[in-house]
Amino acid sequence: MPDAEDLRRKSTTSYTYDHRRGWRRFRALNLCRGMYHDVRRRLPYYWSDIKDALTYRTIASTIRMYFVNILPAIAYTLDMYRRTGEFYGINEALFSSALAAVVFSVLGAQPLTVVGITGLISLFNYTIYDIVVIYRPEIYSNFMCWTAIWAAIFHWIVAVCNLCDYMRYVTDFSTESFGAYVGIIYCIKGVEELVNEFTSYGPAAGFMSCMIAILYFLSIYGLEWLGSSTVCRPWFRGLLADYAYVIGTIFWVGFAHIPGNLKETGISLVPITRAFYPTQSRGWLIHFWKLEVKWIFTALPFGFLVMLLFYYDHNVSSLTAQARQFPLKKPAGFHWDFFLLGCTTFLAGIAGIPMPNGLVPQAPVHTHSLTIYETNLHIIRTSEGEGENEGAELRHPHIRAKAVVEQRISHFLMGLAIIGTMTAPLLKVLHTMPSAVFAGVFFTVGWGSIESNGIVSKLIFLLRENRFIQRDETLLTIRRRKILLYISCQGFGVAACVAISQTIAAIGFPVLIIALIPFRVWVLPRWFSNMELGVLDHLTADSSAVLKSLGGPPRWKVKGRGIED
């Protein structure tokens, strides 16, 4: 592992923190310095972001991400629709997703980061509703507007003061914990959607919905598994993976409308309103100036909590979209994008739509869909056996990421497609979709986040029989009780976030999420050696092109990967 001097020599940016230690390196704020360098570094690549999009991967990525973005957004909106007095509907969800996609694809420094409606902001919105209705239900729209205005102000302060630099300390410890939390929340929401079918529409509708949701999940999972397997020709399995959501969604929506007993179960469909109009009888401008002053300042701490949530959620989404497994070449821009996020938060507040931010499960999927992979065969000759088995060849396929189509057109086209979905004909198409499909979407996205999680892989390692573990496995160099302690620390954070999310105190979960970063930086090094942390944990994104936006990589210990104070 290179030492600190080697890392400094490799850095070509003037925006670094050399010879500064701990939090003191952030005292020289140099207001707007981070945004200035983000724009200056990324602007020369703007034309190539357009030119590089002229490839089939852009088309496949656009179609795939349209479904991966819009289906969870609608699913969460159905939840908000029921739990916010029908304030947030389908048009609000589409408007929010389209606004975010267009703004960040055109103006963002990190166009690979998919921005839209997350389950966490859904949770935040209806938790605030549960609190507000105790006092004055009629002020909910204005109160949420001022929450967004305060959140936008805090976003701008963070961006101007370069405070996104602290994200340079984000490692797999916190991103794996957060990914597991998001995956669990998705699965919980899927179950809640099916429970609602039983309670609101009866046992027949509930049973039918369960079947559609489970089979939808298995269909998407199976098609994507085939895409990453060695079954059939490469072009065919790639086609199945690219259009898995298209195939699964069309089939199971049609299945719900088969005439006869299936259609007569009475399952719920997506509720729609007039094209390009809000769900309720209001305009697209919230009259925020009519709220009493005491409620305006009551919204301030809620706005601060929204900023904390987006600070972690959006920046981690950007990190995972540009993680170390993707061979990216173009620079990132965390400060500038967080400033833009403040702008979209402000616009969402005054328009009365859900506040968009980076999507943790979907952002790396976007980069993955734009990645060009190559499969090589590793041939191993064995000397075991006699006669015909002597000198046998073992062929192991090895898949390697060759390059990434780094561009901003797929995100932009996805935004235009979402705008088109707000038209009357496509809204009628949406109305044919059963809610059970969206429960299946919850399970698909949620399980995808859990299955690929590092916490799960370490648990499987601990449970696996020793003779089936590869001898070059790095975890074998760590005592099993230390691995268990590491996983327990992550599990405690996940459990705490899930537990608080199921109460009226759910608005406090951003504090717990943010606390994962200092816990990793200051607490874990007291319990683990540098060598142990070097095996168990890594920077989520370690590309110099990405970390330049955060002032370069953190200073490393010479022996290991422990982060210095």
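Here, every reference points to the structure presented above.
These remarks concern the structure in this document. (Residues numbered from 1 in each chain as written. Predicted model: local features only at pLDDT ≥ 70, side-chain atom pairs only at ≥ 80, totals over all residues. Heavy atoms only, no water.)

## What to know about the environment of D337
Thought 1: Relative to the helices and strands, D337 is located in helix α13 (residues 334–351).
Thought 2: When the C-alpha atoms of D337 and V39 are compared, they prove to be 9.7 Å apart, with 298 residues separating the residues in sequence.
Thought 3: With near-sequence residues (within four places) excluded, D337 lies in contact with F104, G108, A109, Q110 and H314. (Helix = DSSP H or I, 4+ residues; strand = E, 2+ residues; numbered from the N terminus. Contact = heavy atoms within 4.5 Å.)

## A word on the pattern of salt bridges
Where charged atoms of side chains with opposite charge meet at close range, the side chains can pair.
Thought 1: Inspection of the entire model under this criterion finds 18 salt bridges.
Thought 2: A salt bridge links R82 to E193; the nearest nitrogen and oxygen atoms lie 3.2 Å apart. You can see R82 sitting in helix α4 (residues 56–83) and its partner E193 sitting in helix α8 (residues 172–201), a full 111 residues away along the chain.
Thought 3: You can call E193 buried: its relative accessible area is 2%.
Thought 4: Connected through salt bridges with shared partners, the residues D79, R82, R83, K189, E192 and E193 form a single ionic network. (Salt bridge = Lys/Arg side-chain N within 4 Å of Asp/Glu carboxyl O. Buried < 20%, exposed > 50% of the residue type's maximum accessible area, 1.4 Å probe, protein only.)

## A closer look at the nonpolar core
Thought 1: One finds L71, I128, F178 and Y181 to be the most contacted residues of the largest nonpolar core, which totals 145 residues.
Thought 2: Residue contributions to this core peak at 14 residues, all from helix α12 (residues 293–321).
Thought 3: Residues within four places of Y181 in sequence aside, it is in contact with L120, L123, V494, C497, V498, S501, F509 and I513.
Thought 4: Grouped together as the second largest cluster of nonpolar side chains are 7 residues, L112, A323, F326 and V404 included. (Core = buried A, V, L, I, M, F, W, Y, C linked by side-chain atoms within 4.5 Å.)

## With respect to helix α18 (residues 454–463)
Thought 1: Of the residues making up α18, those classed as buried are G454, I455, K458, F461 and L462. With its buried residues spanning 120 degrees around the axis, α18 presents them on a single face.
Thought 2: Buried residues along α18 sit against α8, α19 (480–501) and α22 (530–536).
Thought 3: Its side-chain oxygen placed 2.9 Å from the backbone nitrogen of I455, N453 serves as the N-cap of α18. (Arc of directions from axis to C-beta. Polar contact = N/O pair within 3.5 Å; in protein donor to acceptor, adjacent residues only side chain to side chain.)

## A short note on the environment of N261
Thought 1: Looking at the secondary structure, you find N261 in the loop between α11 (244–255) and α12.
Thought 2: Considered as a pair, N261 and A204 are 57 residues apart in the sequence and their alpha carbons are 10.0 Å apart.

## Overview of the packing of aromatic side chains
Thought 1: Counted according to the given criterion, the structure contains 30 aromatic pairs.
Thought 2: Measuring from centroid to centroid gives 6.3 Å for F143 and W295, while their planes differ by 80 degrees, and the two rings are edge-to-face. Of this pair, F143 sits in helix α7 (residues 140–160) while W295 sits in helix α12, and the two are 152 residues apart along the sequence.
Thought 3: Residue classification places F143 among the buried residues on the basis of a relative accessible area of 2%.
Thought 4: Exposure remark for W295: the relative accessible area of 13% places this residue in the buried category.
Thought 5: Seen from their ring centres, F519 and W527 are 5.9 Å apart, and the 75 degrees between their planes marks the pair as edge-to-face.
Thought 6: For W527, a relative accessible area of 40% corresponds to the partly exposed category.
Thought 7: Ring pairing ties together the aromatic residues W146, W150, F288, W289 and F297, which thus form one cluster. (Phe/Tyr/Trp six-rings, centres within 6.5 Å; stacked < 30°, edge-to-face > 60°.)

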